[in-house]
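Examination of the molecular architecture
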Amino acid sequence: METTMTWNDVVGLTQLTDNLQNAIKHNKISHAYLIQGEKLSGKRMIADIFARALQCEAGKALSEHQETLFEMPPEATGPRPCNQCRSCKQAINGNHPDIIYVTHEKPNVISVDNIRQQVNGDIDIKPYSGDYKIYIIDEAEKMNVQAQNALLKTLEEPPSYAVILLLATRAEAMLQTILSRCVVLNTKPVPDDLIKHYLMQKVEIPDYRASICASFARGNVGRAIELASNEVFDHMKSSVLGLLKHITELETNQIAAEVKKITEEKFDTNDYLDLCFIWYRDVLLYKACGGFGSSCPVIFKEELTALESAAKYYHYEAIERIIHAIDRARSRIAANVNFDLTMELMFLDMKAG
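Everything numeric here is computed off the predicted structure, so don't read it as measured data.

Structural notes on the packing of aromatic side chains
Under the definition given, this model contains seven aromatic pairs. Here the aromatic rings of Phe 216 and Phe 233 are separated by 5.0 Å at their centres, their planes lie at 75°, and the arrangement is edge-to-face. Residue Phe 216 is found in helix H8 (residues 207-217), and its partner Phe 233 is found in helix H10 (residues 231-244); the two are separated by 17 residues along the sequence. Relative accessible area serves as the criterion here: at 0%, Phe 216 is assigned to the buried category. A network of ring pairs unites the aromatic residues Phe 267, Tyr 272 and Phe 347 as a single cluster. In this structure, Lys 287 is placed above the aromatic ring of Tyr 316, and the distance from its NZ or CZ to the ring centre is 5.4 Å.

Printed below as a string of C-alpha cells:
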C-alpha cells in the first residue's frame, strides 16, 4: 500500500474510519487504540493514515514551531491528512520524529526489552514537532506477557500527548487489562462487489479476474490485491481448471498424478479447494440458468463453453454430492487425515458424477 493514501482509499470500512475521523474532528483522541483484523485487512494502512492525520498541519494558520506564518498550498487546507504539509511529507518519507514504529528482532516475539526501550523509555520525551507522539505496534499479539505488562504501566498513566496504536490479528491473545484501556476497532469483511469495483478501477484488471480475486479474498481487500498480481495463484487456477474440465475422462493413475502435483507445486490447499468449490458452484448456477450463460452470475465467465458441458453432464444431486465432498475433504485435511488419499477420494467423487 502506498503511504500517500487517504481515508477515501480505505474500501468498505466506513464505520471504522468514521470513528477515527470523528475523534479528530471533535478533538476526542484516546490514548490507546487496538485495531483488530486479519492479515492484509488494512490495519497498517489505517494506522498510517490516522497517525498522519493526527500530526497533519492542514488548517493551522501558524506553525507552533515557527515565528512566521506557515505557508501551505491551497490543497492542504481540507480534511486531514492533506499529504502536502511538512508533517505529512515527513510521515510519507518515513522520517517523522513523532511517529514511532516499534520494531522487534525475533520474528515471533515482541519482548519486554522492545517495549521498554522503544516505548516506556521514550514516551516521557515531549514531541519534537507534532501535537502528538504516536507509537504504532504492529502484530501486537506477539508481545509476550512481560512485554504486555510493561506496556500496561504506560497505558495506565500516559502523557497527555501520547497515542498508542496496537494492531493485532488476534485480540484474544492480549491481556484483558490491555484491552480494557484501548478503544477496540475491528475491520470487517468488505462486500465482494466493492472489492471487485476497486480492483477494476485501481488495479486495472478485467471483470472476470476481479470477480475471482474478490471471491477468494473473503472480504479482505489487501488479499484481493495480492491475488490480483500473484502468478502462483494464476498457475494454480489454470491447473485446477485444466483438471476439473476433464475430470470425467481421467484414469485413476492420472488423478493420483494430479494429487502429487499439488504437493510438488506447493499449492495452497485451502485456495485449491476454494477453486474446486467455485467451479462446481458455477456449474450449478449455469445449469439453473437454463443455458443463458452470458447473463448467469458465474465467476469463471471465460469458461462458459466448459461450464455448459459440465452442466449437461452432471445432475443436480451429483453437483450437491461433489460440493459436500469438497467440504469433507477440507475437514479431513484440517484433521490431518492422509492428504493424498483425501484428495484422490474427492476427485473420484467428481469423476463419478
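Focus: the pairing of strand E3 (residues 133-137)
Across the five residues of E3, five count as buried, placing the element largely inside the fold. Burial along E3 is two-sided: Lys 133, Tyr 135 and Ile 137 and Ile 134 and Ile 136, pointing in opposite directions, are all buried. Across three bridges, strand E2 (residues 99-101) lies against E3 in parallel orientation. Bridge pairing in E3 links Tyr 101 to Ile 136. Sheet topology note: the E3/strand E4 (residues 162-168) ladder contains five bridges and is parallel.

Some remarks on helix H5 (residues 145-156)
Residue pairs spaced three or four apart in an α-helix point in one direction, given the helix's 3.6 residues per turn. Counted at 1.5 Å a residue, the expected span for H5 with its 12 residues is 16 Å, and the 16 Å between its end C-alpha atoms agrees. Inspection of H5 places Ala 147, Gln 148, Ala 150, Leu 151, Leu 152, Thr 154 and Leu 155 among the buried residues, and these make up the whole buried set. Residues of H5 that are buried make contact with strand E1 (32-36), helix H4 (112-120), E3, E4 and helix H6 (176-179).

Considering the sheet that holds E3
As summarised here, the arrangement of the five strands in space is E2-E3-E4-E1-E5, forming an open sheet in which the pairing is parallel. Because the sheet does not close on itself, it has two edges, and the strands there are E2 and strand E5 (183-186). Strand-to-strand, the axes of this sheet are offset by a mean angle of 20°, without reference to chain direction.

Cut-offs and rules
- Residues numbered from 1 in each chain as written.
- Predicted model: local features only at pLDDT ≥ 70, side-chain atom pairs only at ≥ 80, totals over all residues.
- Heavy atoms only, no water.
- Phe/Tyr/Trp six-rings, centres within 6.5 Å; stacked < 30°, edge-to-face > 60°.
- Helix = DSSP H or I, 4+ residues; strand = E, 2+ residues; numbered from the N terminus.
- Buried < 20%, exposed > 50% of the residue type's maximum accessible area, 1.4 Å probe, protein only.
- Lys NZ or Arg CZ within 6 Å of the ring centre and 35° of its normal.
- Pairing = 2+ DSSP bridges.
- Expected span 1.5 Å × (residues − 1).
- Contact = heavy atoms within 4.5 Å.
- Axes fitted to C-alpha atoms, helices over the stretch in contact; angles between N-to-C directions.

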